[in-house]
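Below are the chains, spelled out letter by letter.
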2 protein chains.
Amino acid sequence: MSDMIEPIARMVNQLARLPGVGRKTAQRLAYHIVSLPEDQVRELAAAIFNGKKQVHFCSVCGNYTTEDPCPICRDDDRKNGLLCVVRDPRDVMAMERMQDFRGQYHVLHGVISPMQGIGPDDIRIRELMQRLADGSIEEVILATNPDVEGEATASYIARLIKPMGIRVTRIAHGIPVGADLEYTDEVTLSKAFQGRSEI
Amino acid sequence: MSDMIEPIARMVNQLARLPGVGRKTAQRLAYHIVSLPEDQVRELAAAIFNGKKQVHFCSVCGNYTTEDPCPICRDDDRKNGLLCVVRDPRDVMAMERMQDFRGQYHVLHGVISPMQGIGPDDIRIRELMQRLADGSIEEVILATNPDVEGEATASYIARLIKPMGIRVTRIAHGIPVGADLEYTDEVTLSKAFQGRSEI
């Protein structure tokens, strides 16, 4: 006989498909879930299923939302001419946590990556250009990740937008707060050096 | 505003209650789940909920099962007079993976732990004694973990069973296969020494 009964094996298989969850972890989780009261398991399963079902993309910015347009896009206080371009909804969450940015977002849902066959038409660049057409945006802040794909995507978008007379900026590269100069890689250090500002 | 919309926040809260899943991991999982096709999420949620709902305890051995008694308890080939006592269903799984033991099991669902207020009446020792009453079991193998609680539980059960004239054995302590003598702790080494066998 198999070492796991069928319903537990099925749960393990499903859990093991999640990112960062291996078979051992999936087994530990499955046996834990089976040992929980039925109410709690119902809540867990419902939260997972409803979370997926109730969440949609905002037709304006592309962020996850339950209502369309999303609360940020509807908020008149945030229509201040600033538009922050990020790769995915998680990045919006990170920016919102910062509580410093009060403009609007545009989520690309990916970055240009020739290696993975993702070109400019596969991410929401066309939608970005459409949003910029009405002239209400004065500055586009490119906040893609500081890696090869993120940089390439930022340069590509910058080249498209600049001719429209809109200010295009890129978030700063540098040494993270609290980090140690000695252990900072050369590329970051070089970026931090180039980006130095007067004090 | 909050940095996560409500359905995602609820999913994160639920996932973060699982063992070994912190808030960061729960967020990563939640955003991954939201990005999956609805079918896959439905399968995941169903596997979790049905896994819990379809799995019960075997009224004989206490292991998880979909039918009562469980396939192992019903299997006549396994009624060979050997009974292996383990702490929880996960240990049955580990023993079954070994494919060396062909007897029956008894799951205690815990070990005696005065520190956590778990006494002999809180685990399935009474059920064990009832099973032994019919005289069909010739040897009880105590396979609780080799830690303080596991040892205490094994001694306690051994003291109860020995007067009944049933053979009581304990799984061997020793150096794990593939491990290094140099890095083995003294207690294990001492147990391995005491438990030496002729070659």
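Residues numbered from 1 in each chain as written. Chains lettered and ligands numbered in written order. Predicted model: local features only at pLDDT ≥ 70, side-chain atom pairs only at ≥ 80, totals over all residues. Heavy atoms only, no water.

**Looking at the relation of the copies chain B and chain A**
Logical step 1: With an RMSD of 0.1 Å, the fit of chain B onto chain A corresponds to turning through 180 degrees and sliding 0.0 Å along the axis. Read as a symmetry element, the transformation amounts to a two-fold axis. It is A45 of chain B whose C-alpha, among those of chain B, lies nearest the rotation axis, at 2.3 Å.
Logical step 2: A shared interface surface links the copies, since 100% of the contact residues of chain B are contact residues in chain A too. (Least-squares fit on C-alpha atoms with pLDDT ≥ 70 in both. Contact = heavy atoms within 4.5 Å.)

**Brief notes about helix 1 (residues 6-15) of chain A**
Logical step 1: Considered for burial, the residues of helix 1 of chain A that qualify are P7, I8, M11, V12, Q14 and L15 of chain A. The arc enclosing the buried residues of helix 1 of chain A, seen along the axis, measures out at 165 degrees, which places them on a common side.
Logical step 2: Buried residues belonging to helix 1 of chain A abut helix 2 (23-35) of chain A together with helix 3 (38-54) and strand 2 (64-65) of chain B. (Buried < 20%, exposed > 50% of the residue type's maximum accessible area, 1.4 Å probe, protein only. Helix = DSSP H or I, 4+ residues; strand = E, 2+ residues; numbered from the N terminus. Arc of directions from axis to C-beta.)

**A look at unusual backbone geometry**
Residue and element names in this part refer to chain A.
Logical step 1: Note the cis peptide between D68 and P69, where omega equals -5 degrees.
Logical step 2: Despite not being glycine, H109 shows a phi value in the positive range, around 55 degrees.
Logical step 3: Tracing the chain through its elements places H109 in the loop between strand 4 (104-107) and helix 6 (125-132).
Logical step 4: The partly exposed category is assigned to H109, whose relative accessible area is 28%.

**Focus on the state of the cysteines**
Residues and elements named next belong to chain A.
Logical step 1: A complete count under the given rule lists zero disulfides over all chains for this structure.
Logical step 2: The structure places no disulfide on C58, whose sulfur is separated from the nearest cysteine sulfur, that of C61, by 3.7 Å.
Logical step 3: Judged by its relative accessible area of 2%, C58 is buried.
Logical step 4: No disulfide involves C73; its nearest neighbouring cysteine sulfur is the one of C61, lying 3.6 Å away.
Logical step 5: Judged by its relative accessible area of 6%, C73 falls in the buried class. (Disulfide = S-S within 2.5 Å.)

**Focus: the interface of chain B and chain A**
Logical step 1: Contact with chain B, which involves 50 residues of that partner, is made by 51 residues of chain A.
Logical step 2: Across the pair R17 of chain B and E43 of chain A runs a salt bridge, and its minimum N-O distance is 3.8 Å.
Logical step 3: At the junction of chain B and chain A, the tally comes to ten residue pairs in polar contact (both at pLDDT 80 or more).
Logical step 4: Elements with a contribution of two residues or more to the side of chain B that touches chain A: helix 1 (6-15), helix 2 (23-35), helix 3, strand 2 and helix 5 (89-98) of chain B.
Logical step 5: When grouped by side-chain class, the residues that make up the side of chain B that touches chain A number 27 nonpolar, ten polar and 13 charged. (Salt bridge = Lys/Arg side-chain N within 4 Å of Asp/Glu carboxyl O. Polar contact = N/O pair within 3.5 Å; in protein donor to acceptor, adjacent residues only side chain to side chain. Nonpolar A, V, L, I, M, F, W, Y, C, P; charged D, E, K, R; others polar.)

**A short note on the nonpolar core**
Logical step 1: Counting residues in each nonpolar core, the largest one holds 47 residues, and the members touching the most others are I8, L15 and I48 of chain A together with I8, L15 and I48 of chain B.
Logical step 2: When contributions to this core are tallied by element, the ones reaching two or more residues are helix 1, helix 2 and helix 3 (38-54) of chain A together with helix 1, helix 2 and helix 3 of chain B.
Logical step 3: When neighbours within four sequence positions are excluded, L15 of chain B is seen to be in contact with L44 and I48 of chain A together with V21, A26, L29, A30 and I33 of chain B. (Core = buried A, V, L, I, M, F, W, Y, C linked by side-chain atoms within 4.5 Å.)

**Topic: the domain arrangement of chain A**
Logical step 1: Domain boundaries assigned for chain A yield domain 1 (6-54) and domain 2 (77-198).
Logical step 2: Taking only C-alpha atoms, the centre of domain 1 of chain A and the centre of domain 2 of chain A are 36 Å apart. (Domains from an automatic or database assignment.)

**A closer look at the packing of aromatic side chains**
Logical step 1: Evaluation of the coordinates by the stated rule reveals six aromatic pairs over all chains.
Logical step 2: With 5.4 Å between their ring centres and 15 degrees between their planes, F57 of chain B and Y64 of chain B make a pair best called stacked.
Logical step 3: Here F57 of chain B falls in the partly exposed class, since its relative accessible area comes to 48%.
Logical step 4: The structure contains a cluster of three or more aromatic residues connected by ring pairs, namely Y31 of chain A together with F57 and Y64 of chain B. (Phe/Tyr/Trp six-rings, centres within 6.5 Å; stacked < 30°, edge-to-face > 60°.)

**Overview of the packing of helix 1 of chain A against helix 3 of chain B**
Logical step 1: Put simply, helix 1 of chain A and helix 3 of chain B touch, their axes get as near as 8 Å, and they point 150 degrees apart. Where helix 1 of chain A crosses over helix 3 of chain B, the two elements pack in a sense that is left-handed. In this structure, helix 1 of chain A uses P7, R10, M11, Q14 and L15 of chain A to contact helix 3 of chain B, whose residues at the interface are Q40, E43, L44, A47, I48, G51, K52 and Q54 of chain B.
Logical step 2: Split into classes, the residues belonging to the contact of helix 1 of chain A with helix 3 of chain B amount to six nonpolar, four polar and three charged. (Axes fitted to C-alpha atoms, helices over the stretch in contact; angles between N-to-C directions. Left-handed = near helix turned anticlockwise from the far one by under 90°.)

**Side note on the sheet that holds strand 3 (residues 82-86) of chain B**
All names here are of chain B.
Logical step 1: On the basis of which strands lie adjacent, the open sheet formed by four strands has the order 4-3-5-6 and parallel pairing. In the strand order of this sheet, the two ends are held by strand 4 (104-107) and strand 6 (167-170), each with one partner. Sheet twist, expressed as the mean angle between neighbouring strand axes with direction ignored, is 25 degrees.
Logical step 2: As paired elements, strand 3 and strand 5 (residues 139-142) share four bridges and run parallel to each other. Bridge pairing links L83 to V140 in strand 5.
Logical step 3: Sheet strands touched by helix 7 (residues 148-161): strand 3, strand 5 and strand 6. Its angle to strand 6, the strand with the most contacts, is close to 170 degrees. (Pairing = 2+ DSSP bridges.)

**Remarks on the pattern of salt bridges**
Logical step 1: Applying the stated criterion across every chain, the model contains 18 salt bridges over all chains.
Logical step 2: Note that E67 of chain A is salt-bridged to R74 of chain A, the shortest N-O span being 3.0 Å.
Logical step 3: For E67 of chain A, a relative accessible area of 37% corresponds to the partly exposed category.
Logical step 4: E96 of chain B is the salt-bridge partner of R78 of chain B, the closest N and O atoms lying 2.8 Å from each other.

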